[in-house]
Amino acid sequence: MYEPNIPEVNAAAVEDGVRRVRQRPLLYGLLVVAFFGFGLWYMTGGSATGSPHQAEQLILTGGGDETFAPQGTAATVHCTQNSQSFIARLYGLVDGRSAGNQSTAPPTYYTCDGTSTTGQPMYWCVTYPPRMDHFDQTPNVTGRLPNTSCPS
């Protein structure tokens, strides 16, 4: 008579199978947490420095270049972050970890517009240095012409 091709089952093989099944949920859970952690980091700006609110306050307080944003001349300011590419954000995450080396990660740019105290429109670009900047660079405010864009 024909005997089916059934592998031999022993106690060690059963215990090994149970152990693997118990480890999988932990591995999958860690992968899900890592995926959502990366997504949260990426959606909140990744390796970007500064924030739109900080850029607005920098202009309102006259930080950066005083010729473009003298304190008290801007009545309203609204800034938006110029998006960085996925590769630039990843590069900013891993770049500049060694002390003494200048980071080659890209700076973060903000495009700002607003009005002066006299009601005239005003336009600026705000540049924040990379997060791991070891040369203590400060944010820079420069003026821009209407209908022009800041670097991204």
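Look up: the structure comes first, before these words.
Being a predicted model, the structure only gives us computed values, none of them experimental. (Residues numbered from 1 in each chain as written. Predicted model: local features only at pLDDT ≥ 70, side-chain atom pairs only at ≥ 80, totals over all residues. Heavy atoms only, no water.)

**A few points about the sheet that holds strand β2 (residues 108-116)**
Counted only if it meets this: Here the rule is simple: two strands pair whenever DSSP picks up at least two bridges between them. For helices the rule is a DSSP run of H or I covering at least 4 residues; for strands it is a run of E covering at least 2, with both sets numbered from the N terminus onward. Here the axes come from fitting lines to C-alpha atoms, over the contacting stretch only for helices, and the angles between their N-to-C directions go from 0 to 180 degrees. What makes two residues a contact is simply this: any of their non-hydrogen atoms within 4.5 Å.
Strand order across the open sheet formed by 4 strands is β1-β2-β3-β4, with antiparallel pairing between neighbours. Only two strands of the sheet have a single partner each, and these edge strands are β1 (74-81) and β4 (140-143). Strand-to-strand twist of the sheet, defined as the mean angle between neighbouring strand axes without regard to direction, takes the value 25°. Across 8 bridges, the pairing between β2 and strand β3 (residues 121-128) is antiparallel. Its bridge partner lying in β3, T108 is registered against Y128. Across the face of the sheet, helix α2 (residues 52-60) comes into contact with β1, β2, β3 and β4 while running at roughly 150° to β1.

**Re the pairing of β2**
The pairing of β1 with β2 spans 7 bridges and is classified as antiparallel. Bridge pairing in β2 links V77 to G114. Hairpin connection, β2 to β3: the antiparallel pair is bridged by 4 residues, and G119 has positive phi, about 95°.

**Focus: the packing of aromatic side chains**
Our working definition: Each aromatic pair joins two rings of Phe, Tyr and Trp (for Trp, the six-membered one) with centres within 6.5 Å, and gets the label stacked for planes under 30 degrees apart, edge-to-face for over 60, and tilted for any other angle.
Summed over the entire model, instances satisfying the criterion amount to 2 aromatic pairs. Both rings, one in F35 and one in F36, keep their centres 5.7 Å apart while their planes meet at 75°; by these two values the pair is edge-to-face.

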